[in-house]
Amino acid sequence: MLRRVVIGLAVLAALAAGALALVPVLIPAETVRARLAAEIEARTGWRVAFDGPVSLGVVPEIALSAERLRIESAPNAADALAADVERAAFGLALAPLLSGSIRLTDIVLERPVVRIVRGVAAAPDGSADDDASLAGRLASVSIDRLSVEDGLLVLRGPGGETRLDDLALTLAMPDPAGETMIDASGALDGRPVSLEARIASPLALVSGEAVDVSLDLEAPGRLPAPLALGAEATWSAPRLALRDVDLASGESRLSGAADVVLGGGAPAIDVRLAGPLLDLDALAPAGGGGAGGGETIDLSALGTVVGDVELGLERLRVAGREIAPALLRAQLEDDAATLAVDEAGIGGGRVSGEARIGRDGARARVSGSLAARALDVASLVPPGAPPVSGRLAADLRFALAGETMPALRASLNAAGRIALSEGEARIPALAALAQGGDAERLSALTLAVEITDLTRPVAVSGDAVWRGERIGLDGTLDARALVEGRAGALDLGLAAPRFEAGYRGTLAPGGALAGEASLRTGSLRDLLAWLGRAPSTPGGLGPFAVSGRLDVAPGAIGLAEARIALDGASGTGEARIVQGPRPRIEGRLALDRLDLNPYFGLSSDGGASGGALAGWSETPVDLSALRAVDVALDLSLGALVFRDIETGRVSATARLENGRLAAELQEIALYGGGGNGRVDVVADPAAPSLAARFAFADLDARSFLAAATGFERLEGRGSLRLDVSGSLVTQRRLMETLFGSAGFAFRDGAIRGVDVTSLARLLSTGIVDGWALAEGARTELYAVEASLAIENGIARTNDLRLVGPLVDMSGTGAVDLPQQRLAFTVEPRVAFQRGSGEGIELVGFGAPVRIEGPWARPRIYPDIAGVLQDPVGAYERLRAMGSGIFGIDAPSAGEALERAVGEEAARGIERLLGLPQPQPPAVTAAPAPSQPAPTDSLPPAAAAPSQDPPLDPPLDPTLDAARGLIDLFMNNR
């Protein structure tokens, strides 16, 4: 095309000169215009139309000007050209014209619009005659200045359209045998571009001589640095040979040789270049371009040039990485291109391969192979990605086909193997699973990917060491789906000494998961400890298994339709974890049975692990887990077990926000009755606290108390209430700071194993150690009730009441929760038969009864001080009780005294009553020990009455009389 343009301009100049020769003969301008158009078409094939006036002038030089000039290429031209020139002006020097030479002083083309459509017909072969003709014309033509002002060049081809706007061009060729300069500038597809070219001698070049040529190109936005080309050029039709090529742009430097054959169809090239560096990042158009989206892939470049290109580079820079060395070859054919990498040094390893690009109808087709050995993975990881190191090897074959880049990528098929060895990786997401140590680090990483065909799942296997233990991986992946940009099937299994995990579902290109997942471990406690999250509970957390539908999306993890088994309990649930500075867990859990005993270190019989009842723990309560997450949980249990207490159905909700837990128990089925409650925990490290409120009604008293306290003697149905709060630093501190209230009320029951009258007989002999139970005994009750006020761990009551047909007892007292002791004073009244047909009467015991000591085994004994305060009344009550219950017939106090205790005891009582007494023999007696007044205060553990039988004190009339009274009526003497 360039050759024909040069020929056309030369002919046009010659004809213009001939036209000027007519001026002296005064040929009309219209005649010159018609003759000029005919001659141009005859000699170039271009059709020229002068749509505007043509003018001629001879002063100061011969000049021809034409307006609205239109030029079109010949119909059979390989590339169709159409040019519209608003104004064209030609100036010729007169003296050279008279000697037969043409010297154009000036050619000006104003606002030309040139449109070239490539490949509309087959290109004709060039010939040596054309080159000889061109040399002859150039020898006789010179152009002082050719200028194009405000032009537009539009180039169209199968790949689209290229525009060069604001074209400004200047050509200076005052002597074809001398230096020719070309300056051009414009906006190429909206981006500025400028070019400077120099040819030492155009005439020598077309004559077959070697001449120097150079070109400087600047394209800001396309080339970060100017491109400079220098070479020695030789033209021998149809071959242009370039030797001593020196190409430079920025840091890139290449040198070598190139041959271009212009004859025939597409130019044929043979290029051999080498250099220290080729920076493709600097030479590539900024911002990419091409058919990266849905545009049709432009294959128009295929076939425009044919031949071979070889590059031998010390370094090749591409995509921000350097390949050293790089030996590259390209074979360009009519409709295909083969690119080969003979050797490429990447990351300390070697890569080789080839790819063939061609047409398949309207589609682009790519196929080839790739081999890699000992690549350093760390050098390949893109910035911002998790760091990975190791050695990579690959042997792959691949093929693609498509009209657009998305279609081309989606069609990828491959076969071969990829292997990673000696690997190490840091995965930040692992830090969310484990604490302490280097939780993000995987070491001794190996991975193998076996590809038989991307239409079938890819096999993946390998292992790695994490937190000191090796974890194996095995599975399959639908890699083809990921290549196509859609979710692919993933079947993956993990095996480690402490757990097994599996996943079967899909993996999206962005990393999202959706499918069935499972986790199984023989000891959840060991697994959590290995993860640096050792539980604070003393026991439990043994065998654990969970499975369900896993959904992993950016910022959230969900588990639905979950099946859970832990420590013998099983159930279903669902959960969703929203990631953030403090993760949030939302879910629902339903278990058939939850036994809390293992988690509190309690044995199966409800006692503390290790046997006997122990004191409260001094170990700090670990509430850190409550500060680590936020939770919204709905809980449903078929049964809840704590110590020996086992509930029925339990429904609850738990809300944990900023370290504050609120657990609402809407329903608790408990031993035939039910209730509700609420627990609030504040996990403030400076002031942790607990508040609990429960209310139960219609409980089976015997079943509940047997499970809660081991006390199986009380029957009936009743209610319980509890509303307390305390400091949750340790168990003991909680008991010491407990405030609130409690109460109970049972009705229509009985005390099993206890006969109040028998207990009274025992009390007459001294202290009762324990509850003095007897199988088969029974005391019917109407009601047992009390309310308690709790302060600093001391629960006090003033309204203890036990009422039945044979007993009516009231009392006051306190329970020391921190010391696990109690102290009560009760006033019992028991029933006796007044006489035949006279009915039953409740009669007081005559003295308060003390119950005090450890709550597991208190001591029960009569308060003697009560007898001494009212001995006559005590005697009359006991006489009545004795005659009614024990069959004593004592018509008078004196007779009873004499028969019961003898004369001396009777005299002691008389002296106690203030009656005249005979003087006994002189006896030295020790003072009687003082007795404390009745009180509800809690005695210290050391102050409890001794279990050993008391020694008889020296004779004291008061004590002797009291003992005689008790012996008389309780032992039936």
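Since we're looking at a predicted model, the values are computed, not measured.

(A) Here's a closer look at the nonpolar core. Counting residues in each nonpolar core, the largest one holds 77 residues, and the members touching the most others are W466 and L714. Looking at this core element by element, the count peaks at five residues for strand β46 (residues 778-791). For W466, the residues in contact, after removing those within four places along its chain, are L430, L433, A434, A439, R441, L442, I471, W530 and L531. Grouped together as the second largest cluster of nonpolar side chains are 27 residues, V211, A231, L311 and L316 included.

(B) Spatial organisation of the pairing of strand β52 (residues 859-862). Where burial is concerned, the two faces of β52 agree: the one with R859 and Y861 and the one with I860 and P862 are both buried. Taken together, the four bridges between strand β51 (residues 849-854) and β52 define a ladder with antiparallel strand orientation. Among the inter-strand pairings, I851 is bridged to a residue of β52, identified as I860. Connecting β51 to the antiparallel partner β52 that follows it, the hairpin turn spans four residues.

(C) The arrangement of the environment of L507 in detail. Locating L507 in the fold gives a position in strand β29 (residues 500-507). Judged by relative accessible area, L507 falls into the buried class, the value being 18%. Through-space distance from the C-alpha of L507 to that of G488 is 5.3 Å; in sequence the pair is 19 residues apart. In this structure, L507 is in contact with L477, L482, R486, A487, G488, L490, A512 and L513, ignoring residues within four places of it in sequence.

(D) Representation of unusual backbone geometry. Residue P238 follows A237 across a cis peptide bond; omega there is 5 degrees. Among the structural elements, P238 can be located in the loop between β12 (227-236) and β13 (239-249). With an omega dihedral of -10 degrees, the bond running from A324 to P325 counts as a cis peptide bond. For P325, the position within the fold is in the loop between β18 (321-323) and β19 (326-332). Here D748, not a glycine, exhibits a phi torsion of approximately 50 degrees, which is positive. Mapping D748 onto the fold places it in strand β44 (residues 739-752).

(E) Structural context of the pairing of strand β11 (residues 210-218). As judged from the six bridges shared by strand β10 (residues 191-199) and β11, these two strands associate in the antiparallel manner. Bridge assignment links L195 to a residue of β11, and that residue is L217. In this sheet, β12 lies alongside β11 in antiparallel orientation, the contact comprising eight bridges. Each residue of the ladder has a partner; that of V213, found in β12, is A231.

(F) Structural detail: the pattern of salt bridges. If you walk through the whole model with that rule in mind, you get 45 salt bridges. A salt bridge links E251 to R317; the shortest N-O distance between them is 3.3 Å. Remark: R317 occurs in strand β17 (residues 316-318) and E251 occurs in the loop between β13 and β14 (252-261); sequence separation between them is 66 residues. Across the pair R584 and E657 runs a salt bridge whose closest N-O atoms are separated by 2.5 Å. Here the residue R584 occupies a position in strand β34 (residues 584-591), and E657 occupies one in strand β39 (residues 650-657), the gap between them amounting to 73 residues. You can call R584 partly exposed: its relative accessible area is 25%. A relative accessible area of 34% means that E657 is categorised as partly exposed. Counted as one network, the salt bridges with shared partners bring together E251, D279, R315, R317 and E322.

(G) The arrangement of the packing of aromatic side chains in detail. All chains considered together, the criterion is met by five aromatic pairs. Measuring from centroid to centroid gives 5.4 Å for W466 and W530, while their planes differ by 80 degrees, and the two rings are edge-to-face. In this pair, W466 is assigned in strand β26 (residues 458-466) and W530 in helix α9 (residues 524-530), connecting sequence segments 64 residues apart. Relative accessible area serves as the criterion here: at 6%, W466 is assigned to the buried category. Looking at W530, the relative accessible area reads 9%, which means it is buried. Centre to centre, the rings of F744 and F746 are 6.0 Å apart; their planes meet at 35 degrees, and the pair counts as tilted. With a relative accessible area of 5%, F746 lands in the buried category. An aromatic cluster is present here, built from W466, F499 and W530 joined pairwise through their rings.

(H) Here's a closer look at the sheet that holds strand β38 (residues 645-646). Taken in spatial order, the three strands make up an open sheet running β35-β37-β38, and their pairing is mixed. Strands with a single pairing partner mark the edges of an open sheet, and in this sheet they are β35 (594-595) and β38. Judged from the two bridges that link them, β35 and strand β37 (residues 640-642) form a sheet pairing that is parallel. Among the inter-strand pairings, D595 is bridged to a residue of β37, identified as V641.

Cut-offs applied
- Residues numbered from 1 in each chain as written.
- Predicted model: local features only at pLDDT ≥ 70, side-chain atom pairs only at ≥ 80, totals over all residues.
- Heavy atoms only, no water.
- Core = buried A, V, L, I, M, F, W, Y, C linked by side-chain atoms within 4.5 Å.
- Buried < 20%, exposed > 50% of the residue type's maximum accessible area, 1.4 Å probe, protein only.
- Helix = DSSP H or I, 4+ residues; strand = E, 2+ residues; numbered from the N terminus.
- Contact = heavy atoms within 4.5 Å.
- Pairing = 2+ DSSP bridges.
- Salt bridge = Lys/Arg side-chain N within 4 Å of Asp/Glu carboxyl O.
- Phe/Tyr/Trp six-rings, centres within 6.5 Å; stacked < 30°, edge-to-face > 60°.

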